[in-house]
Amino acid sequence: MILVTGATGNIGRALVKELAASGAGPLRGLTRDTGRAAFPEGVEAVEGDLARTATLKPALEGVRSLFLVSRVGPDAEIIDAAGQAGVEHVVLVSSITVETHPHLGPAGENAAVERLLRDSGMAWTILRPTQFASNALWWAGEIREHGTVRAPYAEVGLPTIHPADIAAVARFALAEPGHRGRTYPLTGPERITARQQVETIAAVLGREVPFTEIGRQEAHRGMAAFLGDEAADAVLDVTGGDVNDELITVRDTVARITGSPARTFRQWASENAAAFT
Ligand SMILES: NC(=O)c1ccc[n+]([C@@H]2O[C@H](COP(=O)([O-])OP(=O)(O)OC[C@H]3O[C@@H](n4cnc5c(N)ncnc54)[C@H](OP(=O)(O)O)[C@@H]3O)[C@@H](O)[C@H]2O)c1
């Protein structure tokens, strides 16, 4: 049995679909609301709250392989519960910032979760993706309501990744041999700036979406309201304020593992155009 956490999210939705289509065996998707989850036929929807580890017991029963999104709940307790339940292999979504920005708080938390997993006695595969194409959904409300985007660091290009490529790598790690004990930094196929992302969304929508570059302070005010001060600063650093060569490097990991080229931001924007209209 494979259990996918975050199964209704950007990565999890794609992963559940891929695993189901590839006939990887019995499959369960975790969600806090089974009524809203629309999984493919044959996939068991199981209710559980990662923030309340005790609720995960039924979900973990009989599970051999676990796909775990980090920093949604108390990861130490979750990893412990997985080990107790007899899970053999955990595929963890961490972050590339563990290697590019280890001094930042969220990166330190991910590094700690990785260590816990490596020391857990279970087999592990660690995925370290860069920023997701789906982070552009942050602009969706603004585009729908005002038809414009105001964002900082307009000209900083990052190798943004399509979440379906993280799912594709996770599918290989869960269902194919040779991925245990491996740590994979994951990026998209090319660097793209915030301005180019908005131009791509505009092209897909077939209309103009004017872009106004704003300063860090203004961006911080908007983000801190949702994320808190420290996380907002960390996001601003890794999206433009403090980028480094390692963060902007395009990696070939997705293509090497899956045998298919990593998907472009344009592909993500085409698939998700409805979110912006
Ligand atoms: N965005 C980035 O640029 C970036 C970069 C590196 C790493 N990451 C990592 O990627 C992961 C997020 O992936 P994503 O974008 O696929 O997720 P997402 O689309 O934000 O979805 C969040 C998922 O987590 C589930 N969830 C949230 N709170 C939960 C709880 N208390 N109990 C159980 N499930 C809960 C939701 O399920 P329900 O609502 O159905 O319960 C949903 O499926 C995180 O681990 C994050 O640290 C993100």
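Here, every reference points to the structure presented above.
On a predicted model such as this, the values are computed, not experimentally measured, just so you know.

J.: Whenever I open this one, the sheet that holds strand β8 (residues 182-186) confuses me. Can you help?
T.: Working definition: the strands of a sheet are paired by backbone hydrogen bonds and lie parallel or antiparallel to each other. An order of β3-β2-β1-β4-β5-β6-β8 is seen for the 7 strands of this open sheet, with the pairing classed as parallel. Since the sheet does not close on itself, it has two edges, and those belong to β3 (44-47) and β8, each with one partner. Neighbour-to-neighbour, the strand axes of the sheet open up by a mean angle of 20°, direction not taken into account. Sitting on the sheet, helix α5 (residues 105-118) touches β5 (89-93), β6 (123-129) and β8, and the angle it makes with β6 is about 160°.

J.: Help me out: how do you make sense of the packing of aromatic side chains in this one?
T.: Aromatic rings in a pair are described by how distant their centres are and how their planes are angled relative to each other. Scanning the entire structure with this criterion turns up 3 aromatic pairs. Considering the side-chain rings of Phe265 and Trp268, the 5.7 Å spacing of their centres and the 35° angle between planes classify their relative orientation as tilted. Here Trp268 and Phe265 lie together in helix α13 (residues 265-271), a separation of 3 residues that amounts to about one turn. A relative accessible area of 4% means that Phe265 is categorised as buried.

J.: Quick question: what am I supposed to make of the packing of helix α9 (residues 216-227) against helix α10 (residues 229-241) here?
T.: In helix packing, the relevant descriptors are the interaxial angle and the interaxial distance, both defined with respect to the helix axes. Viewed as axis vectors pointing N to C, α9 and α10 meet at an angle of 135°, and their least axial separation amounts to 8 Å. Overall, the two elements α9 and α10 adopt an arrangement that is oblique. For the crossing formed where α9 meets α10, the hand is right-handed. Listed contacts from α10 to Arg216, Ala219, His220, Met223, Ala224 and Leu227 of α9 are Asp229, Ala231, Ala232, Asp233, Val235, Leu236, Asp237 and Gly241. Counted by class, the contact of α9 with α10 contains 8 nonpolar, 2 polar and 4 charged residues.

J.: For this particular structure, what's the right way to read the environment of Ala140?
T.: If you trace the backbone, Ala140 turns up in helix α6 (residues 140-146). Sequence separation between Ala140 and Thr277 is 137 residues; the distance between their C-alpha atoms is 8.1 Å. Excluding residues within four positions of it along the chain, Ala140 makes contact with Ala275 and Phe276.

J.: What am I meant to see in a nonpolar patch on the surface here?
T.: There is a patch of nonpolar side chains on the surface, built from Trp138, Phe226 and Leu227 and spanning about 370 Å² of accessible area. With respect to the helices and strands, Phe226 occurs in helix α9. Exposure remark for Phe226: the relative accessible area of 68% places this residue in the exposed category.

J.: When you look at α5 in this model, what are you seeing that I'm missing?
T.: An α-helical turn contains 3.6 residues, so any two residues separated by three or four positions project in the same direction. With 14 residues, α5 extends 20 Å between its outermost C-alpha atoms, agreeing within 8% with the 20 Å of an ideal straight helix rising 1.5 Å per residue. Considered for burial, the residues of α5 that qualify are Pro106, Ala107, Asn110, Ala111, Val113, Glu114 and Leu117. For α5, the angular spread of the buried residues around the axis is 160°, confining them to a single face. Structurally, α5 contributes buried residues whose contacts are with α3 (75-84), β5, α4 (97-100), β6 and α10.

Conventions used here
Residues numbered from 1 in each chain as written. Predicted model: local features only at pLDDT ≥ 70, side-chain atom pairs only at ≥ 80, totals over all residues. Heavy atoms only, no water. Pairing = 2+ DSSP bridges. Helix = DSSP H or I, 4+ residues; strand = E, 2+ residues; numbered from the N terminus. Axes fitted to C-alpha atoms, helices over the stretch in contact; angles between N-to-C directions. Contact = heavy atoms within 4.5 Å. Phe/Tyr/Trp six-rings, centres within 6.5 Å; stacked < 30°, edge-to-face > 60°. Buried < 20%, exposed > 50% of the residue type's maximum accessible area, 1.4 Å probe, protein only. Parallel < 35°, antiparallel > 145°, perpendicular 65-115°, else oblique. Left-handed = near helix turned anticlockwise from the far one by under 90°. Nonpolar A, V, L, I, M, F, W, Y, C, P; charged D, E, K, R; others polar. Patch = residues over 30% accessible without salt bridge, like charges linked within 9 Å, V, L, I, M, F, W, Y side chains within 5 Å. Areas by Shrake-Rupley, 256 points an atom, 1.4 Å probe, with all protein chains shown as cover. Salt bridge = Lys/Arg side-chain N within 4 Å of Asp/Glu carboxyl O. Expected span 1.5 Å × (residues − 1). Arc of directions from axis to C-beta.

All quantities given are derived from atomic positions and should not be read as evidence of function.
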